[in-house]
Amino acid sequence: ARVDARAAVRVEATSIEEITSAAANAGVGESEGIAASASFYVIPTDTFAYIDNDAHVSSSSGKVEVKANGSLELVSVAGSVGVGLNNVGFGASLMTLVHNDNVEAWVGSGAEVNVAGNEGLIVDATSKEDLIGISAAGGFSSDTGVSGAASVMALVETTVARIEHGAKINEPSTTQTETPNIRVNADSRTNIVTVAGSIAGGGNAAVGVGADVSSIV
């Protein structure tokens, strides 16, 4: 491909996910009361912006931008209550997020990019996640109460900005009066708030378990 522009050139890819979910359940029984709820998300996202291999891009009076932007905003709540009047009350809840995110911006091998002005070439990859996960459970009985809650987040984040080997940037030109800048920037930010809580009450025995697990690679 060949692009010859008098003004600025922008190649941009943007991915935005905004998710709000709630899962709730209750179970009440004269003998046993059992309740369970789950909120489960698997989100693979690829956001790529690039000047392809061997492409020619020129801007005679402005900058050239290659930008990839990815964002995820998630609010997820899972809750359950189990009440057994005489025997067993059991409540369980699970909130799970698996997010495999690739945000990349690049200038390909063999590409030629000619820019003018001091703004020059910008290759920028930005990834941002704002995540809130809440899991709560309760189990109550005059005999035995059992409850369990878990919040699990597994994040695989790849954010890359690059100029590949063999690319040519700003070849000498007698028409240019300023020296252009080159900026290559990758920025990844993740904010997580997770809560896992359980409560159990029983006349004979009560067991409550909560687990909060997060992994970022």
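Above this text is the structure in question.
Quick look at the structure, then. In this convention, every chain numbers its residues from 1, walking through the sequence in written order. The predicted nature of this model means local features are confined to residues of pLDDT at least 70 and side-chain atom pairs, given and counted, to a pLDDT of 80 or more, with totals for whole chains, interfaces and linings taken over all residues. Remark: hydrogens and water are excluded; side-chain values derive from all non-hydrogen atoms of the structure.

## Things to note about the sheet that holds strand β5 (residues 64-84)
- Pairing between strands is defined by DSSP: at least two bridges between them are needed. Secondary structure elements follow DSSP: runs of H or I of four or more residues count as helices, runs of E of two or more count as strands, with numbering from the N terminus. With parallel pairing, the four strands of this open sheet are ordered in space as β2-β5-β8-β11. Single-partner strands in this sheet number two, and they are β2 (9-29) and β11 (182-202). The sheet shows a mean angle of 0° between the axes of neighbouring strands, taken without regard to direction.
- By the bridge criterion, 21 bridges tie β5 to strand β8 (residues 121-141) in an arrangement that is parallel. Where helices are involved, their axes are fitted lines through C-alpha atoms of the stretch in contact, as for all axes, and angles between N-to-C directions lie from 0 to 180°.

## Some remarks on empty space enclosed by the protein
- Two kinds of site are reported from a 1 Å grid over the protein atoms alone, namely cavities, where a 1.4 Å probe fits but cannot get out, and pockets, open sets with protein on both sides within 12 Å along at least five of seven lines, and residues are called lining when an atom falls within 4 Å of a point. Grid points are joined across faces, edges and corners, and a volume is the space filled by probe spheres set on the points. Throughout the structure, instances matching the rule amount to one cavity of 30 Å³ or more.
- Of the volumes computed, that of the largest cavity is approximately 40 Å³.
- Lining the largest cavity are S15, E17, T45, G70, S71, L72, H99, D101, K128 and E129.
- Among the elements of the structure, β2, β5, β6 (88-107) and β8 are those that each provide at least two residues to the lining of the largest cavity.
- With three residues, β5 is the single largest residue contributor to the lining of the largest cavity.
- Three categories are distinguished: nonpolar for Ala, Val, Leu, Ile, Met, Phe, Trp, Tyr, Cys and Pro, charged for Asp, Glu, Lys and Arg, and polar for the others, with Gly belonging to the last. Counted by class, the lining of the largest cavity contains one nonpolar, five polar and four charged residues.

## Focus on the sheet that holds strand β12 (residues 205-216)
- Taking strand neighbours across the sheet as the criterion, the four strands line up as β3-β6-β9-β12 in an open arrangement whose pairing is parallel. Because the sheet does not close on itself, it has two edges, and the strands there are β3 (32-51) and β12. Averaged over neighbouring strand pairs, the angle between their axes works out to 0° when direction is ignored.

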